[in-house]
Structures are given as structure tokens and as C-alpha cells.
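Understanding the architecture of this molecule
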Amino acid sequence: MSKNKLKAGTICVQGGWKPQQGEPRVLPIYQSTTYKYDTIEDMGDLFDLKTSGYFYTRLQNPTNDNVAAKITELEGGVAGMLTSSGQAANFFVIFNLCEAGDHFVSASTIYGGTYNLFAVTLKRMGIDVTFVDIEASEEELASAIQPNTKLIFGETLANPALSVLDIEKFAKVAHAHGIPLIVDNTFATPINCRPFEWGADIVTHSTTKYMDGHASALGGCIVDSGNFDWEKSADKFPGLTTPDASYHGVVYTEAFGKAAFITKAIMQLMRDLGAVQSPQNAFLTNIGLETLELRMKKHVSSAQKVAEYLENNDKVAWVSYPGLKSNKYYDLAQKYLPNGTCGVISFGLKGGKETCKQFINELNFIAIVTHVADARSCVLHPASTTHRQMTDEQLLEAGVPPELIRVSVGIEDVEDIIADIEQALEKV
Ligand SMILES: *Cc1c(COP(=O)(O)O)cnc(C)c1O
């Protein structure tokens with residue numbers, strides 16, 4: 001049986017590290033900045049990209065590469081790399097294709113940190129973004145594309161708006177214009193959605209969330225499907241299809257084929273920007289990945305029960321969870337995430353913003369933390385924390401009303417989770 005035929009739950013445990021005779025069964029932490037070679041010529045060949053091998057951990061490290069390989073297998077891609085955080089992953093995918101004077105299109109309902117990266121920081125670097133409604137029609141999407149547009153970006157399941165991206169529609173418009181679709185698949189994880197199967201070309205992750213799953217290690221990952229034909233749109237992507245003066249004139253598409261995008265991201269961006277993940281964090285993420293499938297099933301089934309409980313409570317004004325039939329993304333979720341969405345739910349209370357804050361303060365073990373998607377249930381009021389820098393107008397555009405409460409349902413017993421919510425609701 002070829003390894004591609006293995007199911008996700010098996011890849012979670014067995015993917016990546018394949019020990020040879022007598023080697024450690026568990027992926028070791030290669031806690032070394034450097035690697036030894038016998039001759040100057042041996043090392044010179046590595047620098048010329050004539051042979052592959054490790055020489056400095058800022059560029060590549062075996063622990064990191066084995067974890068990236070596992071995630072790549074889970075997503076069904078051809079090449080992947082780890083980054084220090086999800087922010088670095090999203091910055092790298094944009095900056096690998098865009099330079100000053102370029103433009104890209106992004107769904108507006110995305111993670112607050114990514115919104116800020118796109119709307120403020122990348123603009124300061126001369127890279128312009130147009131935000132489009134996640135429900136934009138094909139025509140509306142197409143009209144946002146300019147001659148200098150290099151990619152379209154969206155989140156499978158937006159954090160915290162929980163809108164579902166119509167991946168097929170976004171991919172169709174992107175491909176009709178000779179540009180790739182990049183999807184941040186953090187909330188869905190490859191257990192619940194594999195965006196490449198729907199036409200996405202590149203996937204990013206904040207592994208900090210469900211992949212680590214224990215709130216122990218920051219990390220990011222980029223996976224390339226290998227499906228996008230850079231040569232066909234060669235005029236748009238000279239960085240991949242013409243000689244790289246900063247790397248001995250290598251042409252990435254010629255030298256690395258389907259691994260061109262990832263190789264460029266490692267050889268240029270990691271080399272120059274250094275947002276490398278520590279091997280220790282990669283090791284922790286790998287342990288988390290071993291139980292990803294188990295945990296996602298539990299997160300999803302418990303979140304569904306909590307969402308249904310909230311929907312039937314008189315004090316609750318609205319609940320946003322794509323697993324609810326009343327949700328406007330229910331049909332899209334059934335199509336793209338038939339096994340469930342994620343453990344995160346957002347909702348508002350009838351009393352408005354102040355009542356919501358009071359409710360949060362009354363919770364017991366559901367703790368207030370700036371995090372989601374780990375084993376412990378937690379809660380956040382985005383408008384006064386993660387999204388604090390945004391104006392009311394930007395908040396609404398990002399799908400985050402001021403009274404929105406975001407609960408991340410953990411893997412504790414769901415009866416206890418509901419009881420904690422119930423006692424807090426009784427007090428407001
Ligand atoms: C958290 C998050 C990020 C940023 O990841 P970090 O690991 O915190 O840098 C990006 N995208 C989404 C969807 C996220 O939830």
C-alpha cells in the first residue's frame with residue numbers, strides 16, 4: 001500500500017519521521033545550529049544547490065523538516081516548510097509572490113493579525129491589498145483583480161467570524177486570471193478539510209492552534225500542492241521563472257519543478273528574514289499532531305452540543321457556528337467540511353457588549369486567554385483584545401460585531417463545559 005493511501009488518523013501518528021534500522025523510534029530534536037562535512041567541495045555543492053543536505057538550521061533542520069513532511073502528507077501536498085509562527089507563514093506566502101508595486105486580493109473575514117499584516121504592514125512595503133466580501137460573486141471577485149494582482153487569499157473557516165470560504169469559486173476565479181489561491185486552513189485542519197482537493201494551490205497554518213493543540217508551541221507551516229503552473233503565468237512570477245541573482249542565477253521552476261515555491265521561500269525568505277521555528281517547538285507540535293484526528297472529533301462533537309445549547313437559551317441573541325442548520329454557512333460547511341468544522345463558536349447575548357463582558361468574567365474553568373483551539377476550553381472578547389486596534393467599521397467588515405464572544409470548546413467533558421456556561425448565564 002502506498003503511503004498516500006493511508007488515512008489521516010494513521011498519517012497523524014506515522015507520517016513524517018521514518019526511522020531506519022536502529023534509529024530512534026521517536027522523532028529526535030536535532031538541537032544543532034550546524035552540520036559537519038568532510039571537504040570544502042562537499043559543502044560548496046550544497047551552497048550551489050547542486051546537492052541537498054543540511055548546513056545551517058536557519059535554512060533547514062531535520063526535526064522541522066520531518067514535521068513539515070507530516071503536515072504535507074496530511075494536506076496531500078508535494079512540499080512544505082515550517083515557520084516560527086502562523087504570522088510568518090502568511091507573510092512568507094505573500095512576500096514569496098509579491099514585491100513593491102504588486103497587489104493581491106483577500107477575503108475580508110480573516111484573522112485580526114493577518115488583517116493588520118495585509119492592511120497596514122504590507123502596504124508600508126508597497127504591496128497593496130483589496131479586501132472582498134467572502135460571499136462575493138464570481139463577477140465581484142474578478143473585478144477586484146488588476147494586471148498586477150498576484151494571488152487571492154482566504155481562510156477556510158475564518159477566525160473568529162467562522163464564515164466558510166467557497167474554495168472552488170475562489171479557485172476558479174484565481175485560475176481564470178493565471179494566479180494561485182492561497183488558503184489559511186488553521187481552523188479546519190486537514191482532518192476536516194483538504195483545500196487542495198477543491199482547487200487551492202497553497203495552504204498555510206498557524207500550527208499554534210489545533211496542530212500543537214496544547215497551547216505549548218508557537219509555529220506556522222506552508223504547504224504547496226505543486227499544482228499551480230508558474231511557467232504558464234511566467235510574466236507574473238519572474239521571481240520563480242527567471243534567474244535569482246541572490247542565488248547564483250538559479251531559476252526555481254527549472255531547478256526544483258513542483259517544489260519551486262517552497263524552495264524559493266526557504267532559500268530567499270528564510271535565509272534573509274530568519275523566521276525559523278525552533279526544533280524544540282517542532283518536536284512539541286509533532287506530539288500534538290499524533291492526536292490531531294482524535295482531538296478534532298472531540299472538539300467538533302462537543303462544540304456542536306454547546307452551540308445547540310446556546311441557540312436554545314433565552315439570554316442568547318445569536319450563535320454563529322457553521323454546524324447549526326440556522327447558520328448561513330451551513331450548506332457550504334456540509335460541502336467542504338462534512339465531518340465537522342472546528343471547536344470554536346461565536347455568539348452574542350441579548351444584553352449587548354457590557355452583558356457579554358460580565359458573562360465572560362463569571363466563567364470558572366473556561367478561562368480568558370488570547371488563544372483558541374487547544375485542549376482547554378477558553379473564551380475571548382475580540383473587540384476589547386485581539387481586535388482592539390480595529391475601528392467599528394473594520395470590525396464589522398471582518399465579521400466581528402462589538403458584542404461577539406468567542407468560545408473555544410476544549411476536550412474536557414462537555415457536560416462540565418455546558419454547566420460552566422450555564423452558571424455564568426444565570427448571573428447576567
Ligand atoms: C492564530 C492565527 C494566525 C496567526 O498565527 P500565530 O501562530 O499566532 O502567528 C493566522 N491565521 C489564523 C487563522 C489564526 O487563527
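Residues numbered from 1 in each chain as written. Predicted model: local features only at pLDDT ≥ 70, side-chain atom pairs only at ≥ 80, totals over all residues. Heavy atoms only, no water.

1. Here we look at the packing of aromatic side chains
Where two aromatic rings form a pair, the distance of their centres and the angle of their planes describe that pair. We apply this condition: Any two rings among Phe, Tyr and Trp, with Trp reduced to its six-membered ring, count as a pair given centres within 6.5 Å; such a pair is stacked if its planes are under 30 degrees apart, edge-to-face if over 60, and tilted if neither. A 1.4 Å probe rolled over the protein chains alone gives each residue an accessible area, and that area as a share of the maximum for its type sets the label: buried under 20%, exposed over 50%, partly exposed in between. In this analysis the charged atom, NZ for Lys or CZ for Arg, is taken to sit over a ring once it is within 6 Å of the ring centre and within 35 degrees of the ring normal.
Using the criterion set out here, one finds 14 aromatic pairs in the structure. Both rings, one in Phe228 and one in Phe237, keep their centres 6.0 Å apart while their planes meet at 90°; by these two values the pair is edge-to-face. Each member of the pair, Phe228 as well as Phe237, is classed as buried. Among the aromatic residues, those joined into a ring-pair cluster are Phe228, Trp230, Phe237 and Phe261. The aromatic ring of Tyr111 is capped on one face by Lys209, whose charged end is 5.0 Å from the ring centroid.

2. With respect to the sheet that holds strand β4 (residues 149-155)
Selection rule: Whether two strands pair depends on DSSP finding at least two bridges between them. We count a stretch as a helix when DSSP gives it H or I for four or more residues in a row; a strand needs E for two or more, and each element gets its number in order from the N terminus. All axes here are fitted lines through C-alpha atoms, helices being fitted over the stretch that makes contact, and every angle between N-to-C directions spans 0 to 180 degrees. Contacts were defined at the residue level, with two residues in contact if any of their heavy atoms lie within 4.5 Å.
Taken in spatial order, the 7 strands of this open sheet run β1-β7-β6-β5-β4-β2-β3, and their pairing is mixed. A single partner strand is all that each edge strand has here, and the edge strands are β1 (79-83) and β3 (128-132). When the angles between neighbouring strand axes are averaged without regard to direction, this sheet yields 20°. In this structure, β1 lies alongside strand β7 (residues 220-224), joined through 5 bridges in antiparallel fashion. If you follow Leu82 over to β7, its bridge partner there is Cys221. Against the sheet, helix α4 (residues 86-95) engages β1, β2 (103-107), β4, β5 (181-184), β6 (202-206) and β7, with an angle of about 155° to β6.

3. Section: the domain arrangement of the protein chain
Interface size is commonly expressed as the accessible area that is lost once the parts come together. For the record, the criterion: The split of the chain into domains comes from an automatic or database domain assignment. Defined in terms of a 1.4 Å probe, buried area is the accessible area two parts forfeit on being brought together, summed over both. Between Lys or Arg on one side and Asp or Glu on the other, a salt bridge is scored when a side-chain nitrogen of the former is within 4 Å of a carboxyl oxygen of the latter. Distance and chemistry together define a polar contact, namely a pair of N or O atoms within 3.5 Å, with one atom able to donate a hydrogen and the other to accept it when in protein, and with adjacent residues in sequence counting only for side-chain atoms on both sides.
Taken domain by domain, the protein chain consists of domain 1 (15-287) and domain 2 (292-425). Each of domain 1 and domain 2 has a C-alpha centre, and these two points are 29 Å apart. Counting residues at the interface gives 34 residues for domain 1 and 41 residues for domain 2. In this assembly, domain 1 packs against domain 2 so that about 3200 Å² is buried in total across both faces, 63% of it on carbon and sulfur atoms. Counting every contact that joins domain 1 to domain 2 gives 2 salt bridges. One salt bridge connects Lys328 with Glu135, and the closest N-O pair in it is separated by 3.1 Å. For the interface between domain 1 and domain 2, the tally reads 16 residue pairs in polar contact (both at pLDDT 80 or more). Secondary structure elements with two or more residues in the side of domain 1 that touches domain 2: α5 (112-124), α7 (167-176) and α8 (189-192).

4. Focus: the packing of α4 against α5
For the record, the criterion: Any angle that falls under 35 degrees is termed roughly parallel, while one over 145 is termed roughly antiparallel, one within 65 to 115 roughly perpendicular, and all others oblique. Left-handed is the label given to a crossing in which the near helix is rotated counterclockwise from the far helix by less than a right angle, and right-handed is the label when the rotation is clockwise. When residues are grouped by polarity, Ala, Val, Leu, Ile, Met, Phe, Trp, Tyr, Cys and Pro land in nonpolar, Asp, Glu, Lys and Arg in charged, and all others, Gly among them, in polar.
Interaxial distance between α4 and α5 falls to 10 Å at its minimum, and their mutual angle equals 45°. It follows from the interaxial angle that α4 and α5 lie oblique. Seen from above, α4 lies across α5 with right-handed handedness. Seen from α4, the contacting residues are Gln87, Asn90, Phe91 and Ile94; seen from α5, they are Gly113, Thr114, Leu117, Phe118 and Leu122. The class makeup of the residues in the contact of α4 with α5 is 5 nonpolar, 4 polar and no charged.

5. Let's talk about the side chain of Thr186
When you line up the elements, Thr186 lands in the loop between β5 and α8. Here the side chain of Thr186 touches Asp184 through a polar contact of 2.5 Å, side chain to side chain. Within the structure, Thr186 has its side chain in polar contact with the backbone nitrogen of Ser206 (distance 2.8 Å). When sequence neighbours within four positions are dropped, the list of residues in contact with Thr186 reads Thr204, His205, Ser206, Lys209 and Tyr210.

6. Description of the pattern of salt bridges
Following the criterion strictly, the structure yields 13 salt bridges and no others. Here Asp128 makes a salt bridge to Lys123, at a shortest N to O gap of 3.8 Å.

7. So, the site of the ligand
Rules: Any residue with a heavy atom lying within 4 Å of a molecule or strand is counted as near it. Accessible areas in this description were obtained via Shrake-Rupley with a 1.4 Å probe; residue shielding takes into account the shown protein chains only.
By nearness alone, 16 residues border the ligand, and Asn159, Asp184, Ser206, Thr208 and Lys209 come closest of all. The separation between an oxygen atom of the ligand and a polar side-chain atom of Asn159 is 2.8 Å. For the ligand, whose free accessible area comes to 380 Å², the fraction covered by protein is 94%. The element that contributes the greatest number of residues to the shell around the ligand is α4, accounting for 3 residues. Class assignment for the residues of the shell around the ligand results in 3 nonpolar, 10 polar and 3 charged.

8. Some points on α4
For α4, a buried count of 8 out of 10 residues is recorded, marking the element as mostly surrounded by other parts of the structure. Every buried residue of α4 is listed here: Gly86, Ala88, Ala89, Asn90, Phe91, Phe92, Val93 and Ile94.

9. A few points about unusual backbone geometry
For residues other than glycine, phi is negative in most cases, and the peptide bonds are mostly trans. The omega torsion of the bond from Asn159 to Pro160 falls at 0°, within 30 degrees of zero and hence cis. Located in the positive-phi region is Leu162, a residue other than glycine, with phi close to 60°. Relative to the helices and strands, Leu162 resides in the loop between β4 and α7. The phi dihedral of Ala215 is positive, around 60°, even though this residue is not glycine. Relative to the assigned elements, Ala215 resides in the loop between β6 and β7. You can call Ala215 partly exposed: its relative accessible area is 43%.

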